[in-house]
Structures are given as C-alpha cells and as structure tokens.
Protein chains: 8
Amino acid sequence: MHPDKLRSIVNAVAKGSMSVDEAMSALKSLPYEDLGFAKLDHHRHLRRGFPEVIFCENKTPHQITAIVSKMVESECNVLATRVSPEAFESVHALHKKATYNPGARTMTIIVRPVKRLTGRVAIITAGTSDIPVAEEAAVTSEMMGCRVRRIYDVGVAGIHRLFDQKDEISKSDSIVVAAGMEGALASVVGGLVECPIIAVPTSVGYGASFRGLAALLGMLNTCSPGVCVVNIDNGFGAGYVASLIARRK
Amino acid sequence: MHPDKLRSIVNAVAKGSMSVDEAMSALKSLPYEDLGFAKLDHHRHLRRGFPEVIFCENKTPHQITAIVSKMVESECNVLATRVSPEAFESVHALHKKATYNPGARTMTIIVRPVKRLTGRVAIITAGTSDIPVAEEAAVTSEMMGCRVRRIYDVGVAGIHRLFDQKDEISKSDSIVVAAGMEGALASVVGGLVECPIIAVPTSVGYGASFRGLAALLGMLNTCSPGVCVVNIDNGFGAGYVASLIARRK
Amino acid sequence: MHPDKLRSIVNAVAKGSMSVDEAMSALKSLPYEDLGFAKLDHHRHLRRGFPEVIFCENKTPHQITAIVSKMVESECNVLATRVSPEAFESVHALHKKATYNPGARTMTIIVRPVKRLTGRVAIITAGTSDIPVAEEAAVTSEMMGCRVRRIYDVGVAGIHRLFDQKDEISKSDSIVVAAGMEGALASVVGGLVECPIIAVPTSVGYGASFRGLAALLGMLNTCSPGVCVVNIDNGFGAGYVASLIARRK
Amino acid sequence: MHPDKLRSIVNAVAKGSMSVDEAMSALKSLPYEDLGFAKLDHHRHLRRGFPEVIFCENKTPHQITAIVSKMVESECNVLATRVSPEAFESVHALHKKATYNPGARTMTIIVRPVKRLTGRVAIITAGTSDIPVAEEAAVTSEMMGCRVRRIYDVGVAGIHRLFDQKDEISKSDSIVVAAGMEGALASVVGGLVECPIIAVPTSVGYGASFRGLAALLGMLNTCSPGVCVVNIDNGFGAGYVASLIARRK
Amino acid sequence: MHPDKLRSIVNAVAKGSMSVDEAMSALKSLPYEDLGFAKLDHHRHLRRGFPEVIFCENKTPHQITAIVSKMVESECNVLATRVSPEAFESVHALHKKATYNPGARTMTIIVRPVKRLTGRVAIITAGTSDIPVAEEAAVTSEMMGCRVRRIYDVGVAGIHRLFDQKDEISKSDSIVVAAGMEGALASVVGGLVECPIIAVPTSVGYGASFRGLAALLGMLNTCSPGVCVVNIDNGFGAGYVASLIARRK
Amino acid sequence: MHPDKLRSIVNAVAKGSMSVDEAMSALKSLPYEDLGFAKLDHHRHLRRGFPEVIFCENKTPHQITAIVSKMVESECNVLATRVSPEAFESVHALHKKATYNPGARTMTIIVRPVKRLTGRVAIITAGTSDIPVAEEAAVTSEMMGCRVRRIYDVGVAGIHRLFDQKDEISKSDSIVVAAGMEGALASVVGGLVECPIIAVPTSVGYGASFRGLAALLGMLNTCSPGVCVVNIDNGFGAGYVASLIARRK
Amino acid sequence: MHPDKLRSIVNAVAKGSMSVDEAMSALKSLPYEDLGFAKLDHHRHLRRGFPEVIFCENKTPHQITAIVSKMVESECNVLATRVSPEAFESVHALHKKATYNPGARTMTIIVRPVKRLTGRVAIITAGTSDIPVAEEAAVTSEMMGCRVRRIYDVGVAGIHRLFDQKDEISKSDSIVVAAGMEGALASVVGGLVECPIIAVPTSVGYGASFRGLAALLGMLNTCSPGVCVVNIDNGFGAGYVASLIARRK
Amino acid sequence: MHPDKLRSIVNAVAKGSMSVDEAMSALKSLPYEDLGFAKLDHHRHLRRGFPEVIFCENKTPHQITAIVSKMVESECNVLATRVSPEAFESVHALHKKATYNPGARTMTIIVRPVKRLTGRVAIITAGTSDIPVAEEAAVTSEMMGCRVRRIYDVGVAGIHRLFDQKDEISKSDSIVVAAGMEGALASVVGGLVECPIIAVPTSVGYGASFRGLAALLGMLNTCSPGVCVVNIDNGFGAGYVASLIARRK
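The structure presented is a predicted model; accordingly, all values stated were derived computationally and were not measured. (Residues numbered from 1 in each chain as written. Chains lettered and ligands numbered in written order. Predicted model: local features only at pLDDT ≥ 70, side-chain atom pairs only at ≥ 80, totals over all residues. Heavy atoms only, no water.)

## Structural notes on the packing of helix 1 (residues 3-15) of chain E against helix 2 (residues 20-27) of chain E
If you want to describe how two helices pack, look at the angle between their axes and the distance between the axes. Residues and elements named next belong to chain E. For clarity, the threshold we go by: Note on geometry: axes are lines fitted to C-alpha atoms, helical ones only across the stretch in contact, with angles between N-to-C directions running from 0 to 180 degrees. The way it works is that DSSP assigns letters per residue, a run of H or I at least four long becomes a helix, a run of E at least two long becomes a strand, and they are numbered from the N terminus. Our angle categories are set so that under 35 degrees counts as roughly parallel, over 145 as roughly antiparallel, 65 to 115 as roughly perpendicular, and the remainder as oblique. Should the near helix be turned anticlockwise from the far one by less than a right angle, the crossing is termed left-handed; should it be turned clockwise, right-handed. It only takes one pair of heavy atoms within 4.5 Å for two residues to be counted as in contact. All residues other than Ala, Val, Leu, Ile, Met, Phe, Trp, Tyr, Cys, Pro, Asp, Glu, Lys and Arg, Gly among them, are scored as polar; the first ten of these are nonpolar and the last four charged.
Running from N to C, helix 1 and helix 2 cross one another at 165°; their axes reach a closest spacing of 10 Å. The angle between helix 1 and helix 2 falls in the class roughly antiparallel. When the axes of helix 1 and helix 2 are compared, the crossing they make is left-handed. Of the residues in helix 2, those touching helix 1 at Leu6, Ile9 and Val13 are Ala23, Ala26 and Leu27. In the contact of helix 1 with helix 2, the residues fall into 6 nonpolar, no polar and no charged.

What follows is the structure, given as structure tokens:
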C-alpha cells in the first residue's frame, strides 16, 4: 500500500469522512494479502521505502496478472522483472497503462507519478552484450526516482573509451558496472572514482566463463575497495542498491 | 598525500613562503612513489577520498614498515589489515603511535585527526565466531569517520535477539552483516530495513560450508532487494563500502 | 503386495478356501517380479510400510504403464512422480481411476482407501515458484495418510507473513520447508519450532544459485539444529520423511 | 532457562513465597542474556524443547567458560561440541561436574537429571574411522533422553556384518548412519527398515572424496526413500534430529 | 585392417599369386588412411586387438558414412557409438548389413564373423533408466566375442533382488555395473565377488546428482577393492575394459 | 582505421590536396565511434596491429551489420566470429564481398588485401570433432597474414599419425593444438618441438569432460614447458596469439 | 581366515583329530569378528580371494595393532596401507616379521608364503614424484602373487623414454599408470598396448591441478579405450585391480 | 647434452682425435640416462632448444643432487625451480657455482655462458605479493638469454602507475603479467600493446579467490585478444613461453 494512500485513509477517518468500519476494511490487508499461491507484502512500501517487485520467472501469466491487479488496487506503482512477452500481453489486456521494455524484459505501471530525486546513477557496461542486464538496472533506478546516465561498451580492451567518459562518471552518486567475461571493468572503474560501485556480473562469455562465474569471482576479488557485488545477471538488484544509495543525498 | 597537506603546499607557494622549486620537490611523488617492490599510490586520497590501505598478507615486515613510513611522511593516516603480531612489532618499533587490534588484526596510525561525520554504520554478526571479521569492518568505518554500532550474535536460530535490536538497527545509514554457515541473517535483516546492506560471508562453519562458499552463495542469492556482497572474510571491504554510503549523508 | 492382500491369502489357506498350490502361485511374486526392464519390489510394502513409488523420469510410457498394471494387480496404491502428461494419458487409458496433479506432476491410483492418520505435516514455501516441489511433497504425505497444511509464499523478505502463521505451524508433527534462492527460510523456521524440519532446496533462482546448489548448501549449513535436508527439488523425498515422522505419533 | 526452573518461579509467586519484584529480576533474562560477544538464548529450551548447544570451534576458552557458567546458573544442562582439551580444562577448573568425551570432542554438564525416554536411536558407522562423528551423535542423543544402540564398522564391503544386525536395527525409532568414502551404507540401510534415517557424511577418505563431498552427494542422491542428510561430520545435528523423532513416541 | 586380411596378402605374395607392387598398394594404408577430416587408424586392430570404434557425436552423417565405408573396404567389423537415427539411415543406405540398436544408440556391421570366446561378462544396472548405458556396454562386449549376461534393476533400495542373482553373477569373468544417483550398487557388488568390476556412472538422477557427478565420485571412493571406473555414461568404455579382461581367460 | 588510410589523409593534408577541416572531420572518429549500443574502437589497428574483431554471440543482426558497415567505411578488413547464418545473411545483403565459413562460423570481408607474411602456423587437432574450433583459428591466422598448415585427427590414441607429421610440424613458427576430452595432445606435441604452442581446449567430450573443463585443466597442468592456454573453444584467441608470434619473424 | 586354514580344520574333523566342539569354536569367527571399534571380515579371503586390507588413515596405533593381531591369529597374510612410522613401530613391537616400505607407506606380514603366479603387472610413472603411489601399487601386486615390472619417469615431455620400454611393457597382463599434472601418460600408453590399463591419478602438481583433480578428469576422459580409473593417489586400488586381472591367466 | 658438447665430440672424431669407441661411450647417454628414480632427458636441449628444467617439489635433496650432477657432467646449464633452502644446501655442497634466488626459489648453475640475445621480456605484477612468481619468470627468461625488464606493483586500483610505464612496456617482444585476486591487469595490458602476453595467475588473495582460481578464470576469459595463460603460480612456465617468443626475433 502506497504510504500516501495510507495517509489519506487516516486523514479521512480523522475528518469523519470515513467510518471506522470502512477504514478497518480498507486497512485489513495492510500487512499482506493472501492469494493462496502468493502472500502479497503490502507492508513493504512502508517498511522498506519501495513496494514489492514482481519476479516473474516461474510464475504463470495468470498468477502475474492477479498480483499486478492487487497492487494496482492498492495504488502502488508496479515494477516486474523477467517478464515474457506472453506475460506482458496477459497483464496489458487488463491494465492498458502497462509498458514493456523488451531488452530489459521489465514491465512497469505508473499509478502515482514517481517523485524525481536528485540522485544520479551511472550505468556502465563492458560490451554491447551486457546491455539487457544494464537496462534492467536502469529501469529499476528510474522507477525509484533516480536520474540515470547510460554509458555502454567501454570495456578494458579499449580503455580510452572509458577514460573519455571519466568526468561524466565522476558526477555520479553511485555506479552500476555490468560486465561479463572476466569482469575487469568493475575494478578499473573502482580505481577511478569516489562513490560506491555495484558490480553485476553477466553471463556473457563462453567456455570457462561458466555462465558468469568467472566475472562473479573476479568482481568479488577486486583489488579496488568500494566495490560490492550482486548475483549474476541481477540488473534489478544492482539498480536497487545503487538507487538506495543515490537517493540518500 | 593528505589533501590538507597538498593545500598547505599550494598556499605556501601562493603566499611566497615556499619557492617553486621547493614545491616541485614536495609534489613530485604526488601520483605515486616507487619503492621497487611497491609503487605507493599517493594520489589515491585525492582521487578516491581515502588513502591507500595496506593489505599485509604476503608482505614481509620489512616491506610493510617501509610503506608505513612513506605514508606517515606524506601525513596520511594509516590503516593496515591482516597484520600479524610480528609485522605490528616491526612497525611499532619505529612508529610509537601505531595501535593494534588483535581481534581484527588491524593496525592504525592517526597522523591527522579523523573528521567525525554524522553517518551511522551498524555492524551485525550472526554469531560470536564472526566477530573478528566484523571488527575489521568496524575499525575501517571508524577510520573513515563513521559512528559505528556493534550488534553481535543475533543469528536466526534465535531470531527474537535480532528483533529486539530492530529500532537501533533502523537508525543506520548503512549496515554490515557478517555471517558464516548459511548466511541467512543478511536476507532477514534485508527484509526489515530501508538502508543498503553490505553482506560479508565469513569462513565460519565446517563441512559443506567450504570455507565460506555456502554463505557467499546464500548472500548472492538473497530474496531481499537492497543487499550486496563482498568477498569472504573481507570485513575491510564491507566497512569501506558501508562508510562510503554513510558519509554521503 | 499390500499387507492386507497377503493376510487375506493366508487366511484363505487357513480356512481351506484356497489350496496350497493356489496360494503358492499367488505368493510367488512376493519378493519381486521381473519385467525384464524392471524388477518390481513387491516386498517393499511389508518391509518398509509403503509400496514402491514409481520415478517416471527416463522411463517410457510403455514401461510406466506395465509397472502400474502390475502394482494394481497386487492391490497396491500407486504413487508415481515426475509424470509427463503423455505418460499419464498412457496409464489413464487403462486405469480410469488414475488421477493427475499437473503442478506436482504426480499420478495416483487409490486401490485400497488410504488409512487416515492423526499425524500433521506442514508444508511451507518461501515463494510462489516453489509450489510445484511443495505439491509433490503434499501429495506424497496425503498418500501416506497424513493431514497436510499448506502454507505458501512466506519467505524471509517479508518475514511477518511467516510469523502470522506461527501458531498453525507449531501444531505440526513435522514440517517440510521448500525454498530456492538462498534457502534461508529453513533456518528461520528451524529456530521457531520443536518438531523436525525436512528442508528441500528448489532449483528456483538464477545466476549463482547454480540450479539449487546455493539453497542446498545453505540448508546443510543451517545454524538451527533440528533441520535435515533432501536432494534439490526432491519434494517426494521430503514428504516421505516428514510422513514417516508424523505417522509415528 | 530450564522449564522446571521457570515453573518453580511462577509457583513461588502464586504461593506468595516470592515477591513480584524478585520474580521480575529472575525472569528478566528469559529471552536472552547479553554477554557482549554472545547473546545467550535462554528462551530456547521453552521454544524448542532443548537448551542452546555450544559450538566451540572458533570460540576462546574464556568465551566458552563464560557461556557455560551462565547456563549452569540458569539450571540448564550443558552440551558443548567441538571442544578442545584446552577449552575443557578451562571449564572444568570451575565446573567439576563437567565430563569430556575425547573421541566425540563433546563436553557435558548434568545440572538436572536427563529424563529417560523410551525412544531408541541406532547409530551405525561404515568404518572404524567414522566413530568420532558417530560418538558426537550418540552423546547428543543420550543428552536428549534417548536410548542409544551403537553398531560400528558394518560397511558394504562386507555387507553380511550389517545383515547380522538387522533385527537389532529394526527395533529403532530412528537411525543415524555415519559414513565417509562413497557413503553407500545409508542407501543400503534405507532399503531395509521402516523408520527415518539421518545420514551424516564424514570427511573420511582421500583423493576424490574431497573431504566428505563424495559421501554427501551420494547420500543426497540416495535411491532409498526415507533418508535425509545433515552437514559433513555433523554428528551433533544428526543425533539431534534422530532424537527429536525418537522422543515423539 | 583385419589381421586375417593382412595375412592373406602376405600369403599371396609368398605364393606368387600377388605381385610385390600389388601388395605394396594394398598395404600402403596400413598405418592409417587420411580422409582430410579424419585419419583412420587401420593399424589399431593389429596393435590393440580390436579395430577403431567410431564415436559419432559431433560427426556429420557424411563423415560417418565415409569412415564406415573405408573400414568395410578394409574388411574390419564396424562398431559405432552415439549414433543418431539420421546417421544410421545415411550409413544403411549404402551398407545394408548395418544394424541399429536404438536403446544403446549403437550401429554394427559384421564383415567377418565375430569369434565366440569363453569369457563371460555380467552387465548389471541399478535401475530401469540405466539400461541404455548398459546396452552400449553389452553390444560392445558382444562385438568383442564375449558372452553377456544382462541383470537389470537390482539397485540397493531392494537389495534382495541383487542377492537373488548372486550365483549367476559369481560365474562372471568381469562385471560392468551401471548406476546413477548415488551409484552405491558398485560398492555392494564389489563386496560380493572375486572378479574385477568396471563401474560406469550414469547421468540418471536430478538435483545434486549434477548429471552423474555424484555417482562418479561415489564409485571412485568405493570402499570395496577391485572396482575401477570409467567416464559418466561411457557404456562403451566399460564394456571394452570388461571384455579385455574376460577374453584373457 | 587502417594505418594506410590514416597515412593517406596525413599525406593529403601535407600536399595541400585536403583542407585541415576536411582532415579533422575524417579523423574525428579516430579513437572510437559511438553507435549508442557500441563504441567502435577505430584506434585498435594503430595500437595493436590488427583491427577490432567482432564477437557476434549475443549481438543482433542489426547491431552486427551496423558495426561492419562502420568498419568497411574506415577501410578496415573485417573478421567476425560466432556468426549465425542469419547474421551473415543480414550483412551479406549490404556487403557482397562478405564470405562465410560455416564450419568455423566466421565471416570475413577483405577491404584491403592482406599482406602475406612468412610466418607459419600449424593447426593440429586431436579428432574430427575439434575441426570447427581449429577452423576458427585458421581463418584468424590467415586474416593476420600467416601461412597456415592444417593437420587434423592425430590424437594420442593412434600416436603414429602424429609422428608421421613431425617434420611438417617442426617447420612451424607457432602451433595451435585443439583437443577435447583429456587434451593430452598438447603435452605430447609440446614435448617434440621448439616453438611455442597455444593449446585450445574444446568442449568435445561428455560426462566428466564438463564441457571442456577436463581438457582445460589438462592443458594448464601440462608437464611440457612451452605450452600456454586460451579459453575453451576459443579458436580465435588461439589463432590470434599464434599469429602474433609467427609474424614477428 | 585363510582358506588353507579352513580346509585343515575341516580335514581334522573328517579325520577325527578334532572334535566337533573344537571345530565350532575355531570356526565361530568365520564370518567376522567384533572388536567393538571394528568388525573384522574374516570371510573376505573365501569370498573375494584376498583377505581384508587394513586402511590405517584415521586409525590409532592401538586399533591397528589389535586388528593385525587378530589377522595373524587367523593365519592371514597382512597388508596395511597409509601406515605411519609410529603405527608400524607399534605393530612391530609385537610382530617381528612385520616389514615396512617407507616410500609406499605399506606394512606387510607374510604368515603363509605368497603363491607366485605367472601374471605380470607393469607399473609405470610419469615422473619421479609419482613413485610413492606406484610403490603402493607394486607392494599390493606382489602380495597378490604377481610379477611386477617397475618403469618410472617416462612422462610425455620426453616420450622417447616411454617408447624405449615398449617391448617390455607389451609383455604385461595388466598395467598400472600413475601420473599427476595432466595425466596424459595413461592415454598414450593406452594407445600402444592390448591389455587393460588401470590409471591412478596422483596429487602431484600445483595450482589448477587441484590436488589431482586435473589428472583424474584427464584419465576419465581418455580417448584410448581400455583405460579405467581409480581414486586419486589410490595406488593400492590400482594394484589390486591390476592383480585381479593378471592372475586370471 | 649441450649441443656444443655434442658438436665437439663429432668434430673430434672427424679430426681423428677421438676414437669411435670413445665417441660411442660419450654419446650412449644421448637420448636419456636412467637413474632408477628418474630418466634424465639429455636429448631435450637438441630437440627443444633448452635443457630439462628440474621441478624440485616432491623430490628429495638426494634425488635433486644426483640429477644436477648428471647435468653438470653433460655440460648443461642447470635451472631448478621450487627449490627449498635444504635442497639448495645439499647441491651447493657439491657444486659451488650453484646460486640461489630465495624469492623465486630457483637455483641456477652456469656451466657454459648463456648467449645474450636481443629479445626483450617485460615482467609486470599487479602487486607486491605477486613478486615471487614474477621472479621465477625473470630468472627463467635470463637463463634463456633474454633481456628482462621488471615492472612491479602497477595493479588496476591505481592504473596511472601502469600508464606511466607504457612506453617502456611497448618496447617488449613479449610480456609476462603476474596477478592474483581478480587478475584484471592482464586484460588491461592486453588492450594496450601489440606483442603477445603470457598471463600467470597467482594464488595471492583470500576467500573466493580459491587459491588463484578467480584470477585464472579471469585471465582465460579476457576480452583482450593476444593474451594466453599458464597454470596458477607457474612463473617458470610463463617465463619459458615468453622467452621462446622473444628469442625468435
């Protein structure tokens, strides 16, 4: 439940424009709502500053649609990740405001306008193939009110491309670095800037990359302090942490 | 080189109290200083907001002492990690202000007083055995000017101990969670608070913990957004990122 | 061979209503029956208290149908796991009493009514995506005569959903916890209750979950005593152990 | 806090032989007691039916002694695992009733007599080298009131040794099987009996046993339903689950 | 080149019925024949007692057909493994004597009758799903002249099925044991008999079987001396070694 | 940008046939050119002696075509690897000089004739199945001006096939050895010759080859000095290093 | 119990020189003898053709001495592996005929002369460092009556050293190949001979050899049929299988 | 045998100053010399351009001394790696010209002066802790006649230190990059230069570096073409390949 909606209910009761019974009924799903196959955590926005995000892998279009509808009912903005085109179609049939980013495989519904913050997040990729993961991070950061700067394909094989963007990068409040293969870019960026870096290894590569394991280990073992790591291909998680940091400003 | 020292040199030249040649000589090691076995990165404080930290594993006491002396000469505060008692003795013989935290295995020398900031870092452990890693994080955060709150031994086997500290934890600007075994504490804390969490897996455990691998994988796969991860037993790295975040306030 | 059928044969001989030769013929497949590609363990119900369960992965519909028919002939209830829709159709054509649970991918045939016991098994999942594994456990427990309570989607990212069910959970004789990602739920539940917990890691997750390995390691390294573990996605195995425990009451 | 002690306090208040203030003071550490480096979970006996067990690896003798003293004060029986001879000496100097099992590396202090239950736990090893792990399980089960039957060195290389003990094994309410190398014994025992089996892989072996990994994987992949698994060398965990099951009878 | 064909050429020269030049031409491909994409090792039959076996995975039907034709030309019996139905069709169009075993995925062409030897190979599987690997071993042993006894589905979950076949098994000169999951059957058989056992782990299983790794490690760590191991699913390799042993008799 | 094109621009300015503004415009993309999804490293030919090579996996046909067009515009020869037939068709529609090697999955466009050098690279495979990886190496070496000698299917199971080619191999300036399974061929070749060997493990094999891991580890642990290794299936990388070496002559 | 001793007891009863009671007493420990910490498998010589071998790792000198004494009493020859000098001293104090091979770390006691057989086992190592494992195999084969030929340090980095021994090697009935690092020698030997090869990977190597894992994987993935594998450093297991094969002749 | 010594023998025979019998005796150990525990490969200098190098790990001082003496007798320069101080002392007692590099743990004996070549090898480390591995490479390259340039502690956390050395690095004929942790330096250097790079991962690091595995995977997955890899900590191997390349000039 969006904190603003909660406040308006309490206000209504205070003003007498809503009975206690009506308020109780509206509030009874505050902690969570039980759909049988899911217990929707309506309390999360209050507790953590951002509503529950729907991870769509392994969920049926029917389940996703039901969850989305409950969130919209509670006047929460919706962010869903790993959304297949089929799942999007199923939701879109009911919720025309839903928009789909096919590269990032995200779906968003803006019920209440996102409050624009001053925090700046730079999202950097080593190569072209890392862009889908980066876009998932970018969409997440935008939904959380941050200003996003995308800087793509500046991997260390041609490091002058990165240095050319150094001023731009230095203005960030937090940085997401998405890289596959050996993931060296995170350490190099980490050596240049002052703000925290969220490294997200991607499963881009082949052979002994073992679907992102090489990049993951590389990033965990970085020689540059100030770098922390999220799961392989977890663009959402990287964007989320980066935005938590950036919006503290 | 501490930014304040740099500023004082430039001021002296501006005021005429230092000749250009003297200034050039003082500044010539600005980017880095070559000790043969090490190239000391004097530029790091300017570039990244904190001087180089000395990782002592695999370095001889002689090498460590030489590096410390150069840093003290440049009027930088010294933070060294993974310091053996022998290495500390070697440094302490020359630098009487050096202090040693045997649990954390850190050595610090305060050349210029640390500026106290308002940022608050909570450092939480699952068990008693995780304390050495947590202390490394705590010392790092303190050297970076943060106010540190230690909350130890609140693992999920007795979760009421954690909930009892919830108010205290909620006041933090960032949180370090150190846990071995299955590392579940990071996800649980992650589900409760709004600020970013830096999870540091420890090598505490046995059998299929594989020296911290189980906790590492658990933390990377957390179901709670807002959690990022550093290397196994890397208390320094966790404290560093947590402090970068906390001091933005 | 169902123990009741065995008893009825022996009774018939005792009463003279069946000749010794007839009995010998009926009993000759008691230890096992050789189908060439399979040696059906008819003795298992007597020895272990539950008939052989058919694991259908890598078996052809023809093989499955042949085994089912032999079991029905022996008046055993049939439980089959990992059943494809095709395999079910093949069996159903011959055995109209066969029922299929598409989520759990189980097939059951009730030849003799399952004896209802007083043992209670709670089956808990961290998320919606873990439900198929949980359902395999639930069907198994029901076939073994236990009363099953399903509690789904109470993962640690919103831990109040779990605590809300605590009274319900505490009434159980044994508990199955199915969780993917970091599998932390098993440790948290383990810290709250007195009865044994069977943790079943699921392959839900991505990246460094390595198809359930992260959850498996997490569960094996639990800090909560009273938790034991079965193979990844092995809902059947979890339900089986939980039922063995619950029906001792 | 032992439930009996709790009851006697409440009774004393009811009878007027203890003032409310005295009772409050005695009860104030009920949920947990904070020693700084540890938060002792006094509530565990009430919540889980058995007091906290002290895992001594990575704890100093000083820390262990402090925890033991607090538990004895609360009139809880003490079970400590992975106890070094030095740690035992440190405790024994203060607590003369402490006894040490050097094979199992366990320390126990009986403050209140253990209530003898009717539950029977069989503890079986594949080889002589698995005995220390088995003994840790046996001591745990005995502390939890179970009757323990030790059956050692009956591995599958000479399987007639196992079959010779079959009647004895069949009388158990639960069984612990400790085995290293390939861990096959768990599956074989699992095929013979009706009660649940807790398999504990040991780190006995060499080469590609990878310190117990081979046995762990073997046990997780058992073809015998009714087998569940705990961590490598976790005799305590195995004995704990086995006793939870056996004492339900 | 079949040794008998070699002998007939040499005889012909000795008798004067073949000129030296004709013989040279026939013999010039003796060591190997170069097809560009393959260098066919015609010398192998002489050197190792059995002609080259064609491993068809990753080879095109065209390549397979070309190799088969060259072997038939040299009057060698043909054994090909991992043969797809398409590859078989391609060969069969040219070589009508080719036969296909779809379970084992083997293709054979008998150019010269296989000499029947007295060696006996038993091929045992733990389950029904292991039969394809076992069949690959059986076809190999038969092509090498051994008498094969198939004993399928005698896994340790119902170990009386194995013991029932003990006499039959004991007559073998060598034994192949194919098992997936935990692979315990190899150790159990190893404890019962005198002859060497070739254990072949299969990729049957799920979850932490990691496609046969659990069975492989189990078999390598067997506590029964006399067991050796080949690669996962390598029925051909197991049958080959077993036959080398059996035909020494 | 091809160094010759750069020289011609500079010459034109020197001769007055090109204005400074025209030259500036032609040169402005020298360091790199930003296509949004890619930053094309035009500087690489100058810096590293060979233009950027396009790794096509995970890139869309549209992206590949755009990059190729920019390279052709800059008068660079084009080498692209891991090219799907669809991607080739997309490029070929615009660039009729593009040629495709379906075995190697490489695409090449010769804009300026490759300068033939005297360096000789031998490319050796253990088996027929390793040829696609070897061909990727061969195409790379040819694009870099080396003379290539292909020696295929000389694995150690019939080692006389290798020894027969020893003189030919010894004439090489560098050698690529592509092998899957156990990868032993690299060590054997390494023991015979004087020049450096680039070993490329292939994912050919099954079971415990773990998609090339066995060959990779084997090659890294070679007992023959003079052998170095590239990533699994990385024929391009092997051919590139081998050519760098061979063209030094 | 040695078969000859068994026969002499039966003969004595037949001749009347031993009473039935005396015979029963002598035979009562035939299946196994229970020492508490060990159940000695006296039946193994009858069942498997060779008495139980004592694996001394993790056993105390006291336990080893007790087992040895029981075996000597039963007139069995003793072979013990992984024997520390201390354990040997403990046994030797009681059994003066015990001999120790410090390289192989084996102890042997010849109670009844080993019957010399005609079977020949060649034991080959890649390097000098593999000799201890090879010696364990050699001692085992000698105890089993085989004639052993040691051929050491013929690794593939100087393959002419191997070829020089080819005639000698070809005379073997079975071959043990011990190699660390990449383990390529097994495949090369496998390509040259007709008899079965038992490959034993050694933990010789460093870095990515992972204590013998590289050699193990290499040997399992051999391209030469006729090779099978035992556990890392398991010289005993290799010598045992090789002798089973060689003595069939 | 050094090629010059071989030539002088042949010359002596040609001139008549040495009898054929004397020459035969001198030459009879040409291919290799059998010391029982080692077969010294005297032929290697002729075949591969550099004599056998002695890997001392797992060899006794006695064995090492015997091998060294034979090499000195054959007038070969000696390079030994992984030499313990004890082993050096043992050799030095007999061979006073032996010198020891304690950092690199190498021992060298110059019997014939090393021919100085024009090839230049740069040896670069990421940190101070990587120096021992780098020194092993440097000593190897010097023994092979190359000119060596050491550039230490220029890791990517302060990348300006590397760029400061760029001109120096660019003059190299080949480059060794030794780095632990994430090993990113190899990719960055690879992006800057034209000559081949030999990357050697070091076991420097902790936690998820898994003793060099992270750096190894990072280097194998480099995005910079022109980089190849040797085993973890294999400074010798890296220096050997780099020198083979540099001396081609």
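What follows continues from the structure just given.
## A short note on the interface of chain G and chain D
We count it as follows: Accessible surface is computed with a 1.4 Å probe, and the buried area is the amount of it that two parts give up when combined, taken over both parts together. Residues adjacent in sequence count toward polar contacts only when both atoms are side-chain atoms; beyond that, a polar contact is any pair of N or O atoms within 3.5 Å, and within protein one must be able to donate a hydrogen and the other to accept it.
Tallying the contact residues gives 23 residues for chain G and 21 residues for chain D. The contact between chain G and chain D buries some 1700 Å² in all, and 53% of this surface belongs to carbon and sulfur atoms. In terms of surface lost to chain D, no three residues of chain G exceed Tyr32, Lys39 and Phe55 of chain G, which account for 32% of the buried area on that side. At the boundary of chain G with chain D, the tally comes to 13 residue pairs in polar contact (both at pLDDT 80 or more).

## As for the arrangement of the chains
Over all C-alpha pairs, chain A and chain E never come within contact, reaching a minimum spacing of 15 Å. Chain E makes no contact with chain H; the smallest distance between any of their C-alpha atoms is 21 Å.

## Observations concerning the sheet that holds strand 4 (residues 78-81) of chain C
All names here are of chain C. The condition is simple: One requirement defines pairing of two strands: DSSP has to find at least two bridges between them.
Strand order in the open sheet formed by 4 strands is 3-4-6-5, and the pairing between neighbours is mixed. Here the strands that pair on one side only, and so sit at the sheet edges, are strand 3 (54-55) and strand 5 (99-101). Two strands pair when backbone bridges link them, and strand 5 and strand 6 (residues 106-109) are joined in this way by 3 bridges, in the antiparallel orientation. Within the sheet, the bridge partner assigned to Tyr100 lies in strand 6 and is Met107.

## Remarks on the domain arrangement of chain A
Frequently, the measure chosen for interface size is the accessible area removed from exposure when the parts meet. Residue and element names in this part refer to chain A. Counted only if it meets this: Throughout, the edges of the domains are those of an automatic or database domain assignment. Within this document, salt bridges are pairs made up of a side-chain nitrogen of Lys or Arg and a carboxyl oxygen of Asp or Glu, the two lying within 4 Å of each other.
The assigned domain composition of chain A is domain 1 (30-109) and domain 2 (120-247). Here domain 1 and domain 2 have C-alpha centroids that lie 26 Å from each other. Summing the contributions of domain 1 and of domain 2, the shared interface buries around 1100 Å²; its carbon and sulfur component is 63%. There are 1 salt bridge connecting domain 1 and domain 2. Ionic pairing is found between Glu136 and Arg82, a salt bridge with its closest N-O pair at 3.6 Å. In this assembly, domain 1 and domain 2 are joined by 3 residue pairs in polar contact (both at pLDDT 80 or more). Elements with a contribution of two residues or more to the side of domain 1 that touches domain 2: strand 4 (78-81) and strand 6 (106-109). The class makeup of the residues in the side of domain 1 that touches domain 2 is 6 nonpolar, 7 polar and 2 charged.

## What to know about the relation of the copies chain G and chain D
To keep things clear, this is the line we draw: The least-squares superposition of copies is restricted to C-alpha atoms, and to residues with a pLDDT of at least 70 in both copies.
Superposing chain G onto chain D takes a rotation of 90° combined with a translation of 0.0 Å along the rotation axis, leaving an RMSD of 0.1 Å. Put plainly, the chains are arranged around a four-fold axis. Ranked by how close their C-alpha atoms come to the rotation axis, the residues of chain G are headed by Phe210 of chain G, at 7.3 Å.

## A closer look at the relation of the copies chain H and chain F
Each of the two chain copies goes to the other by way of a rotation about an axis and a shift along it. Mapping chain H onto chain F is achieved by rotating through 180° and translating by 0.0 Å along the same axis, at an RMSD of 0.1 Å. Expressed as an axis order, the relation between the two copies is that of a two-fold axis. Scanning chain H for the C-alpha nearest the rotation axis identifies Val229 of chain H, at a separation of 2.5 Å. In this assembly, 100% of the residues forming the interface of chain H have copies in chain F that are likewise at the interface, indicating an isologous arrangement.

## Topic: the interface of chain H and chain F
Contacts between the two partners involve 31 residues from chain H and, on the opposite side, 31 residues from chain F. The junction of chain H with chain F conceals about 2800 Å² of combined surface from both sides, 54% of it contributed by carbon and sulfur atoms. Across the chain H-chain F interface, the total number found is 4 salt bridges. For Glu194 of chain H, the salt bridge is made with Arg247 of chain F, and the minimal N-O distance between the two is 3.7 Å. For the interface between chain H and chain F, the tally reads 13 residue pairs in polar contact (both at pLDDT 80 or more). For the side of chain H that touches chain F, the secondary-structure elements that each account for two or more residues are helix 3 (44-48), helix 10 (213-220), strand 11 (227-229) and helix 11 (235-246) of chain H. Ranked by residue count, the leading element in the side of chain H that touches chain F is helix 11 of chain H, at 5 residues. Each residue belonging to the side of chain H that touches chain F can be placed in one class, and the counts come to 16 nonpolar, 8 polar and 7 charged.

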